[in-house]
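Summary of the model geometry
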Amino acid sequence: MTEAGVGLEKLLEQVRAGGGVPRHIAIIMDGNGRWAGERALPRFMGHRQGMKSVRRVVTGSLELGVEHLTLYAFSKENWSRPPEEIGALMRLLSEYVERDKEELAEKGVRVRVIGDRSSLSPAALRAVESIEGTTAAGGTLALNLAISYGSRDEILGAARILAGRCLAGEMALDDISETSFASALYTAGSPDPDLLIRTSGEMRVSNFLLWQIAYSEILVTPVLWPDFGERDLYEAALEYQRRERRFGRVTR
Ligand code: FPP
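The notes below deal with the structure included here. Please read all numbers here as calculations on a predicted model, not as lab measurements.

Conventions adopted
- Residues numbered from 1 in each chain as written.
- Predicted model: local features only at pLDDT ≥ 70, side-chain atom pairs only at ≥ 80, totals over all residues.
- Heavy atoms only, no water.
- Buried < 20%, exposed > 50% of the residue type's maximum accessible area, 1.4 Å probe, protein only.
- Helix = DSSP H or I, 4+ residues; strand = E, 2+ residues; numbered from the N terminus.
- Near = heavy atom within 4 Å.
- Polar contact = N/O pair within 3.5 Å; in protein donor to acceptor, adjacent residues only side chain to side chain.
- Areas by Shrake-Rupley, 256 points an atom, 1.4 Å probe, with all protein chains shown as cover.
- Nonpolar A, V, L, I, M, F, W, Y, C, P; charged D, E, K, R; others polar.
- Expected span 1.5 Å × (residues − 1).
- Arc of directions from axis to C-beta.
- Contact = heavy atoms within 4.5 Å.
- Right-handed = clockwise from strand over helix to strand, strands pointing away.
- Pairing = 2+ DSSP bridges.

Our next topic: unusual backbone geometry. For Ser148, which is not glycine, the phi dihedral falls at a positive 55 degrees. The class for Ser148 is buried, based on a relative accessible area of 1%. Of note, the phi angle at Ser206 is positive, near 50 degrees, even though the residue is not glycine. The residue Ser206 is located in the loop between β5 (195–198) and β6 (217–220) in this model. Ser206 sits in the partly exposed class, given a relative accessible area of 31%.

In the vicinity of the ligand lie 16 residues, with Asp30, Gly33, Arg34, Arg43 and Arg81 positioned nearest. Side-chain polar atom of Asp30 to an oxygen atom of the ligand: 3.0 Å apart, as the coordinates give it. Protein chains shield 91% of the accessible area of the ligand, which is 620 Å² for the free molecule. For the shell around the ligand, the secondary structure elements donating two or more residues are α2 (32–38), α3 (43–64) and α4 (83–106). A per-class count over the shell around the ligand returns 6 nonpolar, 6 polar and 4 charged.

Residue pairs three or four apart in sequence face the same way in an α-helix, which turns once every 3.6 residues. Helix length check: helix α5 (residues 122–134), at 13 residues, gives a terminal C-alpha distance of 18 Å against a target of 18 Å (1.5 Å per residue), a fit within 8%. All buried positions along α5 are accounted for by Ala124, Ala127, Val128, Ile131 and Glu132. Relative to the axis of α5, the buried residues are bounded by an arc of 125 degrees and lie together on one face. Seen from the buried face of α5, the exposed residues on the opposite side, beyond 90 degrees, are Pro122, Arg126 and Gly133. Of the surrounding secondary structure, the elements contacted by the buried residues of α5 are α4 and β3 (109–114).

The buried fraction of β3 amounts to 5 of the 6 residues, a majority that puts the element mostly inside the structure. With respect to chirality, the unit in which β3 leads through α5 into the neighbouring parallel strand β4 (residues 141–149) is left-handed.

Let us look at the pairing of strand β1 (residues 24–28). The element β1 is largely enclosed, with a buried count of 5 among its 5 residues. Side-chain alternation along β1 places His24, Ala26 and Ile28 on one buried face and Ile25 and Ile27 on a second face that is also buried. Judged from the 5 bridges that link them, β1 and strand β2 (residues 68–75) form a sheet pairing that is parallel. Residue pairing across strands places Ile28 opposite Tyr72, the latter belonging to β2.

Below is the structure:
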């Protein structure tokens, strides 16, 4: 990228001066396995390194003034991975919660876990409730961690909620709108992502936020997730600023 030689502080200044920092950034964190494979390390080490990237993007988002950050940490499909890898990922989640929850709370980060909690182990569920409880008062950055998340599942859940309300006579069919539908999704309360980033070069959306990304700018970077840091986030924000968002309109 053109910003390669620019210092981190300078880059941050450049983004701030550019105006239009994305309010909501969503990230498909991919490439942990490949990162480990390239170093002949077990996959778990890639995930452990990936946790450090999570810290860096949270710090970078706070610096930038991003208001919402949604990270795809574990998909519903990931349950089909080997049990040892699933166990390692869940232990990493608990470790992250224990190590970071107080600091996140101090920085005003409010964590919300989005996904199907019913499939989480009691220990993982305790970790989720603990970080949500500790950070509940945060008002600077809303950090959504997608865990056991699947977008089609989320959409079906919202359809069931609205259908249930209609059947119970609490709402009319005509009240089903984009707004009421969005308010029945896990992400209720967060605006749609302005920018969706996927690392490791894969050109897929992988059942992530299908409803919410209708008009998001999409940026795919070849950088593997464990190598992703503040610089990559700032460069992504600059790329976002260079794009012209039209929301389907003709602008000239
Ligand atoms: C994709 O890489 C990454 C994941 C399935 C897990 C993401 C988890 C973390 C970054 C660490 C824990 C996160 C938190 C929030 C504590 P992959 O294994 O599919 O990589 P590959 O495509 O190269 O095999």
